[in-house]
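One letter stands for each residue in the lines below.
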Amino acid sequence: MANTTTDDSRKENNQDLTLERSNASFNINEITEIIDGGVDKTKFRKEMEKLLFDDPLFKDFYKTFFKTRSELYEESIARGVKLFSLRQKYKWTDEQFEVIEDLVNHLFGMSLHFTMFIPSLERLATETQKAKWLPLATNFKILGTYAQTEMGHGTYLQGLETTATYDPVTEEFILNTPHKSSMKWWPGSLGKSSTHALVQAVLIINGKNYGMHPFMLQLRSLDNHMPLPGIEVGDIGPKMTVNYNDNGFLLLKNVRIPRQHMLMKHAQVSSDGKYTSSGPNKAIYATMVLVRVKMTKWVHDALRKAITTAVRYSAVRHQSKMDDSGPEPQILDYQTQQYKLFPVLADTYALFFMSRNLRRQYNRMMEDIRNKGSYKMLAEIHSISCGLKGLSSKIGIDGASICRTACGGHGYLMVAGISEVLGLLHSVVTAEGEYTVVCLQTARYLMKQIAKVSVGEVVTESCEYLNVDPQSFSCPLQTPADCFNLTFLCDIFRNRANSLIRSVASRLQIAIESGTPQHIAMNNNLQSLVRVAEAHSETIMVLDFTAAVTSLRTSPETIKVLTSLCQLHALHTIVKHAGDFMETESVGLEQIKWIREQELKLLEIIRPNAVALVDAFDLHDDSLGSLLGVYDGNVYERLYESTKYNPMNQNVVHPSYHKYLKPLMSGEMISKL
Ligand SMILES: CC(C)(COP(=O)(O)OP(=O)(O)OC[C@H]1O[C@@H](n2cnc3c(N)ncnc32)[C@H](O)[C@@H]1OP(=O)(O)O)[C@@H](O)C(=O)NCCC(=O)NCCSC(=O)CCCC(=O)O
Ligand SMILES: Cc1cc2nc3c(=O)[nH]c(=O)nc-3n(C[C@H](O)[C@H](O)[C@H](O)COP(=O)(O)OP(=O)(O)OC[C@H]3O[C@@H](n4cnc5c(N)ncnc54)[C@H](O)[C@@H]3O)c2cc1C
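What counts as what
- Residues numbered from 1 in each chain as written.
- Chains lettered and ligands numbered in written order.
- Predicted model: local features only at pLDDT ≥ 70, side-chain atom pairs only at ≥ 80, totals over all residues.
- Axes fitted to C-alpha atoms, helices over the stretch in contact; angles between N-to-C directions.
- Helix = DSSP H or I, 4+ residues; strand = E, 2+ residues; numbered from the N terminus.
- Parallel < 35°, antiparallel > 145°, perpendicular 65-115°, else oblique.
- Contact = placed C-beta atoms within 7 Å.
- Nonpolar A, V, L, I, M, F, W, Y, C, P; charged D, E, K, R; others polar.
- Near = placed C-beta within 6 Å.
- UniProt positions renumbered as here; feature names shortened; annotations may be inferred.
- Buried ≥ 20, exposed ≤ 12 C-beta atoms within 10 Å, placed from the backbone.
- Pairing = 2+ DSSP bridges.
- Left-handed = near helix turned anticlockwise from the far one by under 90°.

Side note on the packing of helix α2 (residues 28-36) against helix α3 (residues 39-53)
In contact at an axis separation of 8 Å, α2 and α3 are set at 85 degrees when each is read in the N-to-C sense. Taken as axis vectors, α2 and α3 run roughly perpendicular relative to one another. Counting all contacts with α2, which are made through Thr 32, Glu 33 and Asp 36, the residues of α3 involved are Val 39, Lys 41, Thr 42 and Arg 45. Classifying every residue of the contact of α2 with α3 gives 1 nonpolar, 2 polar and 4 charged.

See below:
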């Protein structure tokens, strides 16, 4: 595969793409730098591309599609080991390593070591425990995973069954997975790789259940990697994707660990078995908040690969005729193709600005915790990260599915790369809090906020719009041109979420006041609660995108093109949920008609810049992992080349011909029956 970066080494053989690129109205480097976070970061990324993609271990991503699971696993471990060694050598920061994770599509073994194991130690261990384990972990003397989910429970953490029973005589915890349903099931890198696990288990002291707590457990010998006594561990089997990862199971039978192996930053057990706690009671859930925040960016990273592929391919693919006498047009010129792809393109940019802002908010919260011991922002960040992780995964899945189908038959090939992206997004919608479940966490917060407003309190942050009475709202769209006014669109989103939240809150209140037990009232409104969480999260996305494009310090051409995408993101979201927006009188019937018309106008406005807008993501071909989306557009050559690599084609006549087909065709098989 060609090494393609935005330097002069790029070969532009496909004339359609050359023309598309010359038509762009803006300088793509400006957007690339915004996305990377500055010129220096773009420079770093390009250096890393050179370092990684000159190495055969990281090149030609598409070849992974022809591998068996065991080969995939082994290769991913080789990649992981290389990346970890490079990280050590070059002293990459966490932020730099996240760039690298994206470049290699997270396709490397032991990724949980840095995503969850070390962050858990940092957040849940005491200073003494950190001093002991962090150097071992950062120097790869131990390799760790995060083992929380069990076969019987992933969502409902209060239902976890793994026990850690304190024995004051020996000052040890005894770990057990008493039933089949209690075995840990799913943790990444658990099956074959990890030597240690951060195990979440129910703490029991003198027969009293203190709920889920984190424990450091050594799984395997550091000499020969054999599981330690009382421990059974293995791989759970093939999955929809991420098959390079050894997601594992773990059974524990009377495994004893020292008392000091409970991570005791937030809760402590003394040698004589006294339990004390400090900090908020959900502080032990801290790692999940971090990963949900990161996942919103992972969705952007994944979706930009799918949309880059679909847009470039649509520019080089010609099919059918619009006009009998004319040539076959690029499929990107069909309005229907644009209507499929440009909203996805707009969503991809929206995801970027949202996830960037979410990460900034998360970092501010962590600073407050570290510097002032203040957990004031935790409830807000938990709430928005849950909703945004959920919404982004849904946008990602819907968008990547559209990209897949928009590439026709070839999009169905694994080497098109989109199925891999789609599978990854399917893991994000479930892992780290299943979609509905995380939305309900957001809704729970929203119900609390609106209850505060109803007693005259002023609420802030993402819920600030709840302070306004929707009765005072009237739709600001007076003419079709107003549909491009981002201030108006933001107000419309705020009003729709505000009205929906109030209406569910009032339905719940009426039901409870009229004697319906709370849990039944809640269950009767669960779907509406998910809907309000979605409305709230969609509002945050539109607000974040708008705030970003209206505060950009770059050329007017770049601002213009990003503004069009922001408008399209907002208008398309309104169209998708037209019922909600009309039901809440955020827009009227007339306005919906205008919005639909203006949406189509935006397709025309975006069309000349479509290829440049995906080029601006500046994805190296080896990172993109798609033969349909290659930078030089030589798609058909690449597809044919890939058949040469395909193990199915290594024999011109497959052995099964001699074994089965020949006996059938010669009549030998039938005569044997
Ligand atoms: C659904 C809940 C949140 C419910 O928890 P619960 O203790 O039963 O809560 P509850 O009694 O209903 O009380 C809710 C209360 O707990 C708060 N809370 C909940 N989670 C957090 C948090 N993370 N930070 C801060 N606060 C949190 C909520 O805000 C509620 O607060 P409130 O009572 O309203 O003041 C929880 O069980 C949960 O988080 N489930 C999802 C499990 C999950 O995400 N597992 C991840 C496993 S690791 C993984 O998947 C790795 C993937 C990595 C990869 O793919 O690479
Ligand atoms: C690729 C992948 C990687 C993973 N990695 C890890 C890991 O490293 N470590 C780890 O510990 N775990 C890991 N997990 C597990 C993951 O965190 C859980 O699968 C996830 O939290 C969902 O929980 P569950 O499987 O119990 O789903 P369930 O809760 O059983 O969900 C099934 C259905 O029940 C519904 N449901 C459940 N509860 C409610 C409710 N209260 N209200 C309404 N509906 C509800 C859900 O909406 C869903 O439709 C991973 C999972 C995957 C797929």
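More follows now that the structure is in view.
Regarding the site of ligand 1
Contacts to ligand 1 come from 25 residues, most closely from Leu 157, Lys 282, Tyr 285, Ala 431 and Gly 433. Contributing elements (two or more residues each) for the shell around ligand 1: α8 (286-316), α10 (378-406) and α12 (435-454).

With respect to the UniProt feature "binding site: FAD" (unreviewed entry) in the protein chain
As recorded in UniProt, the sites labelled "binding site: FAD" (unreviewed entry) are Thr 149 and Gly 188. Across 40 residues of sequence, these annotated residues stay compact in space, with a maximum C-alpha separation of 10.6 Å. Examined against the element boundaries, Thr 149 turns out to sit in the loop between β1 (144-147) and β2 (163-167). The class for Thr 149 is partly exposed, based on 18 C-beta atoms found within 10 Å. When neighbours within four sequence positions are excluded, Thr 149 is seen to be in contact with Gly 154, Lys 184, Trp 185, Trp 186 and Pro 187. Tracing the sequence through the fold places Gly 188 in the loop between β4 (184-185) and β5 (196-205). For Gly 188, a count of 25 C-beta atoms within 10 Å gives the class buried. The residues touching Gly 188, leaving out its near neighbours within four places in the chain, are Ser 111, Leu 112, Thr 145, Asn 245 and Asn 247.

Thoughts on the site of ligand 2
Ligand 2 sits among 22 residues. The nearest are Gln 148, Thr 149, Gly 154, Thr 155 and Thr 436. Counting only elements with at least two residues in the shell around ligand 2, the list comes to β1, α11 (418-430) and α12. For the shell around ligand 2, the residue count by class is 9 nonpolar, 11 polar and 2 charged.

Some thoughts on the pairing of strand β6 (residues 208-218)
In the sheet, β5 pairs with β6 via 9 bridges, with the strands oriented antiparallel. Note on β6: the bridge partner recorded for His 196 is Gln 218. Connecting β5 to the antiparallel partner β6 that follows it, the hairpin turn spans 2 residues, and Asn 206 within it adopts a positive phi of roughly 50 degrees.

Examining the packing of α8 against α10
Between α8 and α10, the least distance of the axes is 9 Å, while the angle of their chain directions is 20 degrees. Relative to α10, the element α8 is oriented roughly parallel. Handedness of the crossing formed by α8 with α10: left-handed. Split by residue class, the contact of α8 with α10 holds 15 nonpolar, 9 polar and 2 charged.

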